[in-house]
Amino acid sequence: MASQDQSAKGYVLFSASVSIPAWTQRQATFDIVVGTSSSNVTHAFNKLTDIVGQDCPSQVVSLDWELGYVNVNLKDLGARRMIGINGVWPPEAIYANIGDTLSINLRNNLNVPTALHFYGLHQTGAPQLDGFPMVNQCPIPANSNYTYTVFLNQTGTFFVEGSYAGQAVDGLRVPLIVRSTSDPKWDSHVVTLAEWYDDEYSTIFGTFSSTVNPLGILPKPEAILVNEQVNSTIHFNSGETYMLRILSFASQLSMFIAIDSHNMTIVEVDGFAVERYDVTALKIAPGQRFGVLVRGMHDQNTTLVNYKMHITQQIGNADSDGTEAPVGALGTFLTLSYGPNNPYGNAVDTTERSDSSIIYDDSKLRNLVSRTNTEVLVPTRRIILDAQVRMMADGSARGTFNNTAYIQPKVPSLITALTIGDSLKGNPIVYGADTNPIVIDDGVTEIVILNQDIINAHSFHLHGHSFQIMDIDNLPFDPSKNFDTVDNNPNDAKYRKDDDDDANSGNAGTALGHPMRDTVQIPPSSFAVLRFRNDNAGVWLLHSTNSFLRDFGLAATFIVNPNEIPSTGDLMSAAFNQTCAAAGVPTRGNAAGNLGTDLTGYIYSPGLPPTGTTAAFWGTVFGCAACVLVMVISVYLFHIPDDAWVDRFFEKKND
């Protein structure tokens, strides 16, 4: 175990004597001297434990967070305020071990409410800690305190994000690394991806959600950030293998990643271990996480130069080798540094490595038997969700599932499940029609998400669970198709439970070829078939990982095993209720704050345009249809982002 002592000179001496597997070939005692600031001490301890991977007993990782605004001025981008922690932005990553308890004592010094979501953690048995306002908890008011105490029973790469009103976009986002003491340990680097907007989320969202944007054209970021910088650097040593934990904080952009002259080997996706899969280009959607191994160059000549990790915006459904941004797309790079003064090496020519030039594809991933339940889930219920961006009766464009845009209820849906009474908690009516409520009991749920967007891929995240990806294919969806068997034509579906390797090894019927994830990207005009076991009672959101569409309708509420949700006393603590009281949110009742099925006062979404709409409205619709045609032509002919054509149009108008 590690210990720390205060020296007379004002420094902290870390001394660690640990039990280390022989294969690591590392010494068992470390002395590290760091400054006395709490951030330096925490950073040193985290790095120490990440390197040696010792078998530490479970402990409480306690953090005191004061949220406040920090003025940030990034090179080449200018200044704006971001949400910092303890006066610092960006905040440092959190490191913990499996079995630890993470306790965050939060002080909200912002002038608006807040809440924290632990992205990717299932919060098994504790849905009140999922941290989504008006779903699992009440928002934490300004000048208030709240403590999240989270048991860490999953390993992998996750993150903590501000879940209130796009606060993650404004900088409240922190990597969370949960390590398994039994796994091999590599030296590791965290690589985060995000967008930079000159304006704050509230301003951007106000424009996006207004009736002056009837097409739902998404805002255009000014830049892509890597490790919260325009460009960043990580250090490599000759011949060493590094674990890169890559996670996307992005609010809307999917990105390609490629490293000059280096391959990447995927070993983890969304917290699940997978068989090693070599790629030269990786595609990552908002909210997704990857663990990849990258071996440092070992030849002396090749370590006299540094190399770039290229990060480029995905356009539509086009694949890329990742080394060059398409016309109109954003891009940046991270430096793999073998020496501080080295020049950059030449960009790799992937045509010379055709045997290994593989662009990442979920269907190629195979679960590790030792870490993943290999049973193919057999569904007891199928739910089809038609995902679209629709023009509504009020002239706004909202994300919808089955033509319904999500609207927050007046009472958090979890509180409704806990207080409405046993006879009604399984009735979707009490949760409000426009929360898109779906009540499911024991068994296995199959979700089919139809992405009707003909231009853009869309990604979706499920809270409280991970799912098996059964298939991703082009529309239309055939409901009679059997996803449990290998078709006569095995190319009919890339995702299938059997393949030749499984059959030859006697493992036929396993789910090795169905990767487990909690966030899935669906290409344009395509569908995804996802299955999860209904084994985590609670109220959980399924939503678009596009922050703007999520906050403007593209979400659904899953009420899982309502009769098995822990009791009110277990979930609604005194602090929980006090926060609701301070926020002015009722702590009992249905979505409208009433008893029973009386939804008087419930706020509904505007709904779709009614039949018999006036000629003036239809004139607007047809005018917008012409705009859509222009947009489609612009995207496909000029390969520019679906929102960039607006900028080009007004530039021409102003000439």
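A. Spatial organisation of the overall build of the chain. Tallying secondary structure elements over the chain gives nine helices and 33 strands in all. Taking the contacts inside the chain whose residues are at least 6 apart along the sequence as the reference set, 77% of them involve residues at least 24 apart. Surface summary for the chain: the accessible area is close to 26600 Å², and the carbon and sulfur share equals 50%.

B. The sheet that holds strand 17 (residues 264-269), seen in detail. The sheet built from six strands is open, its strands ordered 13-12-15-20-17-18 with mixed pairing. The two strands at the open ends of the sheet, each matched to only one other strand, are strand 13 (223-226) and strand 18 (272-279). Looking at each pair of strands side by side, their axes are set apart by 25 degrees on average, direction ignored. Of the pairings in the sheet, the one linking strand 17 to strand 18 comprises five bridges and is antiparallel in character.

C. Up close: helix 7 (residues 574-583). For helix 7, the full list of buried residues reads Phe576, Thr579 and Cys580. Looking straight down helix 7, one finds that the buried residues subtend no more than 100 degrees of arc, so they occupy a single side. Across from the buried face of helix 7, at angles greater than 90 degrees, the exposed residues are Ala574, Gln578, Ala581 and Ala582. Looking at the packing, one finds that the buried side of helix 7 touches strand 9 (144-151), helix 3 (413-419) and helix 6 (568-571).

D. Examining the environment of Thr416 more closely. Note on placement: Thr416 falls in helix 3. Among the residues examined, Thr416 registers a relative accessible area of 1% and is labelled buried. With residues up to four places along the chain from it excluded, the contact list for Thr416 reads Val411, Val430, Tyr431, Gly589, Asn590 and Ala591. Of note is the side chain of Thr416, whose polar atom sits 2.8 Å from the backbone oxygen of Gly589.

E. Up close: unusual backbone geometry. In this chain, Trp89 is followed by Pro90 through a cis amide linkage whose omega measures 0 degrees. Along the polypeptide, Pro90 turns up in the loop between strand 5 (78-85) and strand 6 (94-97). For the bond from Leu475 to Pro476, the omega torsion is 5 degrees, close enough to zero to count as cis. Of note in the backbone geometry, Asn86 takes a positive phi value of approximately 55 degrees without being a glycine. For Asn86, the position within the fold is in the loop between strand 5 and strand 6. The exposure class assigned to Asn86 is partly exposed, which follows from its relative accessible area of 44%.

F. Main features of the nonpolar core. Judged by nonpolar contacts, the single largest core of 55 residues is most densely connected at Trp65, Leu102, Leu116, Phe118 and Tyr148. Sequence-distant contacts of Tyr148, defined by excluding residues within four places in its chain, comprise Leu102, Ser103, Ile104, Leu106, Ala115, Leu116, Phe118, Leu129, Gly131, Gln137 and Ile140. Formed by 36 residues, the second largest nonpolar core is a distinct cluster that contains Val191, Tyr277, Met309 and Leu336.

G. Structural detail: the pattern of salt bridges. By the definition in use, this model includes 16 salt bridges. Residue Arg245 is joined to Glu268 by a salt bridge in which the shortest nitrogen-to-oxygen separation is 3.4 Å. Taken together, the positions of Arg245 in strand 15 (residues 241-248) and Glu268 in strand 17 put the pair 23 residues apart, joining distant regions of the chain. The exposure class assigned to Arg245 is buried, which follows from its relative accessible area of 10%. Glu268 sits in the buried class, given a relative accessible area of 7%. In this structure, the salt-bridge partner of Arg366 is Glu275, at a minimum N-O distance of 3.4 Å.

H. The arrangement of the sheet that holds strand 31 (residues 526-533) in detail. Within the open sheet, the six strands sit side by side as 24-23-26-31-28-29. Their pairing is mixed. Sheet topology places strand 24 (397-401) and strand 29 (516-517) at the edges, where each strand pairs with a single neighbour. In this structure, strand 26 (residues 444-451) lies alongside strand 31, joined through eight bridges in antiparallel fashion. Residue pairing for strand 31: Val444 is matched across the bridge by Arg533.

I. Main features of the packing of aromatic side chains. A full pass over the atoms with the stated rule returns 19 aromatic pairs. Ring geometry for Phe118 against Tyr148: centres 5.6 Å apart, planes inclined by 65 degrees, an arrangement best described as edge-to-face. Within this pair, whereas Phe118 is found in strand 8 (residues 116-119), its partner Tyr148 is found in strand 9, the two being separated by 30 residues in sequence. Among the residues examined, Phe118 registers a relative accessible area of 0% and is labelled buried. Residue Tyr148 is classed as buried on the basis of its relative accessible area of 0%. One aromatic cluster is present, formed by Tyr197, Tyr201, Phe205, Phe208, Phe548 and Phe552 through successive ring pairs. Lying over the aromatic face of Trp196, Arg80 brings its terminal NZ or CZ to 5.9 Å of the ring centre. Across the ring face of Tyr69, the terminal group of Arg81 is positioned such that the distance to the ring centre comes to 3.7 Å.

Reading guide: rules and limits
Residues numbered from 1 in each chain as written. Predicted model: local features only at pLDDT ≥ 70, side-chain atom pairs only at ≥ 80, totals over all residues. Heavy atoms only, no water. Helix = DSSP H or I, 4+ residues; strand = E, 2+ residues; numbered from the N terminus. Contact = heavy atoms within 4.5 Å. Areas by Shrake-Rupley, 256 points an atom, 1.4 Å probe, with all protein chains shown as cover. Pairing = 2+ DSSP bridges. Axes fitted to C-alpha atoms, helices over the stretch in contact; angles between N-to-C directions. Buried < 20%, exposed > 50% of the residue type's maximum accessible area, 1.4 Å probe, protein only. Arc of directions from axis to C-beta. Polar contact = N/O pair within 3.5 Å; in protein donor to acceptor, adjacent residues only side chain to side chain. Core = buried A, V, L, I, M, F, W, Y, C linked by side-chain atoms within 4.5 Å. Salt bridge = Lys/Arg side-chain N within 4 Å of Asp/Glu carboxyl O. Phe/Tyr/Trp six-rings, centres within 6.5 Å; stacked < 30°, edge-to-face > 60°. Lys NZ or Arg CZ within 6 Å of the ring centre and 35° of its normal.

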